[in-house]
Amino acid sequence: MPASGAVTRHTLRQQIADALRDEVLAGRLLPLQEFTVKQIAEQYGVSATPVREALVDLSAQGLLDSDQHRGFRVHQFSVEDYRGMVEARSLIVDGVFRKLEGDGLAVRAHGAALVSVRRRAEEAARAARGGDLDILIGYDLRFWRELGSLVANRYIADFLHRMRVQAWVFSVPFLRDDPEGNEWLWGGHGQLVDALTLGDAAGVRAVIGEYNDHSVKWAERLESSPR
């Protein structure tokens, strides 16, 4: 019985963390917005313990800030933070694909697992074209998560996932407030899968390079735009 209770509590803790992360990604919890364990517990109708654990988990992921006297607040990332995420992501992804190329890109990239990745790519690209930010975020994170699991060890995949979640948390408020925000939604997921399927290492690097350049240009636009 104790083991069963522990599993239930852990599951509830994860469910609350996932729900709150989704609230932040959807822009319903905004940067610097404050709340307490009690407020979240009442909102979800659960006890304080799994809520506190979930909030601590999100703080460890860099999404929340903790204040001993005021509770928690959504972390506010800066443009410079975003630049750092893009740089870290680009350096690691470049290293992953260079190693993959050396190991035999065509052999490693083919297989049934790529079918699911392609499905995510198609949905993400469709959402980007349609300007559906909520749908895009979900499929984009799943696409990169599954692709990361396919081509990198889990430590690298977990780190990259964390970077992408943080990048979306930073980006969402700006994209929602920008009348031209939909024009900056990247949708080259399918091109990357195509290049991987063909074992085209140069094509893979080109798509990843375009993706990173796109992110940097958007950061430059934010810095040059009055806010």
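Placed above this text is the structure.
Note that the structure is predicted; figures quoted are calculated from it, not measured.

Enquirer: Talk me through the overall build of the chain; I want residue IDs and the actual numbers.
Expert: In terms of regular secondary structure, the chain is built from 9 helices and 3 strands. Beginning at the N terminus, the succession of helices and strands in the chain can be written as α-β-α-α-β-β-α-α-α-α-α-α. For 227 residues, the compact-globule estimate of 2.2 N^0.38 gives 17 Å, and the C-alpha radius of gyration of the chain, at 19 Å, lies within 12% of that figure. Here the C-alpha coordinates of the chain stretch approximately 55 × 55 × 30 Å along the principal axes. For the chain, with 227 residues in total, the buried portion stands at 40%.

Enquirer: Summarise helix α7 (residues 154-177); cite the residues concerned and give the values.
Expert: Look at α7: 35 Å from first C-alpha to last across 24 residues, which is about the 34 Å you get at 1.5 Å a residue. Roughly 35 degrees is the biggest bend found in α7, and it falls at Ser171, with proline Pro173 one to four residues downstream.

Enquirer: I'd like to hear about the pairing of strand β3 (residues 71-74), residue by residue, with values.
Expert: The pairing of strand β1 (residues 34-35) with β3 spans 2 bridges and is classified as antiparallel. Residue Glu34 lies in a different strand from β3, and its bridge partner there is Arg73. One ladder, built from 4 bridges, connects strand β2 (residues 64-67) with β3; its direction is antiparallel. When the sheet's bridge partners are listed, Asp67 is paired in β3 with Gly71. Counting the residues in the hairpin turn of β2 and β3 gives 3 residues.

Enquirer: Summarise the packing of aromatic side chains; cite the residues concerned and give the values.
Expert: Within this structure, the stated rule accounts for 9 aromatic pairs. A ring pair is formed by Trp186 and Tyr211, whose centres lie 4.3 Å apart and whose planes are at 35 degrees; its orientation type is tilted. Remark: Tyr211 occurs in helix α9 (residues 201-224) and Trp186 occurs in the loop between α7 and α8 (189-198); sequence separation between them is 25 residues. A relative accessible area of 9% places Trp186 in the buried class. On the accessibility criterion, Tyr211 (9% relative accessible area) is buried. Among the aromatic residues, ring-to-ring pairing joins Tyr82, Phe170, Phe174 and Trp218 into one connected group. Over the face of the ring belonging to Tyr139 we find Arg142, whose NZ or CZ atom lies 5.3 Å from the ring centre.

Enquirer: Describe the packing of helix α6 (residues 133-151) against α8, and please don't skip the residues or the numbers.
Expert: For the pair α6 and α8, the least separation of the axes is 12 Å and the interaxial angle reads 20 degrees. Here α6 lies roughly parallel to α8, going by the angle between them. Our pair here, α6 against α8, has a crossing hand that is left-handed. Of the residues in α8, those touching α6 at Leu136, Asp140, Phe143, Trp144 and Leu147 are His189, Leu192, Val193 and Leu196.

Enquirer: Describe the nonpolar core, naming the residues involved and giving the relevant values.
Expert: Formed by 42 residues in total, the largest nonpolar core has its most connected members in Phe35, Leu55 and Trp168. Tallying contributions element by element places α7 first for this core, with 8 residues. Apart from the residues lying within four places of it in its own chain, the contact partners of Trp168 are Leu25, Leu133, Leu136, Ile137, Asp140, Leu141 and Leu175. Phe97, Leu100, Val117 and Trp186 belong to the second largest nonpolar core, which has 22 residues in total.

Enquirer: Please provide a residue-by-residue account of the sheet that holds β3, values included.
Expert: With antiparallel pairing, 3 strands are arranged side by side in an open sheet as β1-β3-β2. Here the strands that pair on one side only, and so sit at the sheet edges, are β1 and β2. On the sheet, helix α3 (residues 48-60) packs against β1, β2 and β3 and is oriented at approximately 120 degrees with respect to β2.

Enquirer: Residue-level account of helix α2 (residues 37-44), with values.
Expert: Because the α-helix completes a turn every 3.6 residues, residues three or four places apart line up on one side. Residues of α2 that are buried: Val37, Ile40 and Ala41. Angular distribution of buried residues about the axis of α2 spans 100 degrees; they occupy a single face of the element. Of the exposed residues in α2, the ones pointing more than 90 degrees away from its buried face are Lys38, Glu42 and Gln43. A positive backbone phi angle near 65 degrees is found at Gly45, which sits one or two residues after α2.

Conventions and cut-offs
- Residues take numbers from 1 onward in each chain, read along the sequence in its written order.
- Restriction of local features to residues with pLDDT of at least 70 applies here, the model being predicted, together with a cutoff of 80 or more for giving and counting side-chain atom pairs; totals for whole chains, interfaces and linings are based on all residues.
- The side-chain numbers reported here are obtained from all heavy atoms of the structure, hydrogens and water having been left aside.
- Numbering of helices and strands runs from the N terminus; a helix is a DSSP stretch of H or I covering at least four residues, while a strand is a stretch of E covering at least two.
- When we talk radius of gyration, it's over C-alpha atoms, and the globule rule is simply 2.2 Å times the number of residues to the 0.38.
- Each residue is placed in one exposure class: buried if its accessible area under a 1.4 Å probe, protein chains only, is under 20% of its type's maximum, exposed if it is over 50%, and partly exposed if it falls in between.
- Multiplying 1.5 Å by the helix residue count minus one yields the expected span of that helix.
- One axis fitted to the seven residues ending at a residue, another fitted to the seven starting there: the angle between these axes is the bend at that residue.
- One bridge is not enough; two strands pair if DSSP finds at least two bridges between them.
- Ring pairs are drawn from Phe, Tyr and Trp, using the six-membered ring of Trp, whenever the two centres fall within 6.5 Å, and their geometry is named by plane angle: stacked under 30 degrees, edge-to-face over 60, tilted for the rest.
- For a Lys NZ or an Arg CZ to count as sitting over a ring, it must be within 6 Å of the ring centre and within 35 degrees of the ring normal.
- Throughout, an axis means a line fitted to C-alpha atoms (over the contacting stretch in the case of helices), and angles, computed between N-to-C directions, take values from 0 to 180 degrees.
- Put simply, angles under 35 degrees are roughly parallel, angles over 145 are roughly antiparallel, angles from 65 to 115 are roughly perpendicular, and the rest are oblique.
- In this scheme the handedness of a crossing depends on how the near helix is turned from the far one: anticlockwise by less than a right angle means left-handed, clockwise means right-handed.
- It only takes one pair of heavy atoms within 4.5 Å for two residues to be counted as in contact.
- To define a nonpolar core, start from buried Ala, Val, Leu, Ile, Met, Phe, Trp, Tyr and Cys residues and group those joined through side-chain atoms within 4.5 Å.
- The directions from the helix axis to the C-beta atoms form the arc being described.

Geometry only, nothing functional implied.
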